[in-house]
Structure formats: structure tokens, C-alpha cells
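Next come the chains, spelled out residue by residue.
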Amino acid sequence: MKYVNAKVLLPDILVEELQGYIQGAYIYIPAIQEQRKDWGELSGYRKELQQRNSRIMDEYQKGASIDDLADEYCLSIHTIRKIVYQK
């Protein structure tokens, strides 16, 4: 998370109002529930993992062993099992 100086972002009157409550400290302002993004949605990492897992499933269905997949993708055998046995 990147910090932004309130004076750069907010109107002076709002900064002065906030200074009545807090000064020189960090404050977290949560996103509105409807605007929140799921984990990995902004960075694209969720999609990347889904694509990787899909490749693992395809290779497993074509006959690759769990041990070979674990070595190829540098994942534990347990993780590969979770991917290939998911419903």
C-alpha cells in the first residue's frame, strides 16, 4: 500500500478537520464494500495462478505423475494433490 500526503489529495478544510482528530500519524481509510477487489484481482496474480493450475490439471490428465508435476512447478506434492483433486 502506498501512502499519500493528505494535503496533496484532500481539500484544506478536510485536512484541518482531520487534524483535530489525528496529527502526524498514519490513518487507513477502507474502501467501500462494493468497490473492494478480491485477492490478486488488481495485480493479476489470481489469474496467473488459475492458468498455472489449469496447466497442471491438463498435464495430470494427460498422464503426468504428481511427483513429476511437483518437480516441474517447484511445488510440494501436497499442493499438486490439492490442485488435481479439487472438485
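See the structure above.
Given the structure is predicted, the values throughout are model-derived calculations rather than measurements. (Residues numbered from 1 in each chain as written. Predicted model: local features only at pLDDT ≥ 70, side-chain atom pairs only at ≥ 80, totals over all residues. Heavy atoms only, no water.)

Caption draft 1: Main features of the overall build of the chain. Secondary structure assignment for the chain yields five helices and zero strands. Listing each helix as α and each strand as β along the chain from the N terminus yields α-α-α-α-α. Computed over its C-alpha atoms, the radius of gyration of the chain comes to 23 Å, more than 25% above the 12 Å expected for a compact globule of 87 residues. Considered along the principal axes of its C-alpha atoms, the chain spans approximately 65 × 25 × 20 Å. Classification of the 87 residues of the chain by burial places 16% in the buried group. Sequence separation of at least 24 residues holds for 24% of the intrachain contacts in the chain that already meet a minimum separation of 6. Carbon and sulfur atoms provide 52% of the accessible area of the chain, an area that totals close to 7900 Å². Computed over 12 positive and 13 negative side-chain charges, the inter-centroid distance for the chain is 3 Å. (Helix = DSSP H or I, 4+ residues; strand = E, 2+ residues; numbered from the N terminus. Rg over C-alpha atoms; globule rule 2.2 N^0.38 Å. Buried < 20%, exposed > 50% of the residue type's maximum accessible area, 1.4 Å probe, protein only. Contact = heavy atoms within 4.5 Å. Areas by Shrake-Rupley, 256 points an atom, 1.4 Å probe, with all protein chains shown as cover. Lys, Arg positive; Asp, Glu negative; His and termini not counted. Charge placed at Lys NZ, Arg CZ, Asp CG, Glu CD.)

Caption draft 2: Layout of the environment of V4. Considering the arrangement of structural elements, one finds V4 in the segment before α1 (6–9). Separated by 22 residues in sequence, V4 and Y26 place their C-alpha atoms 9.8 Å apart.

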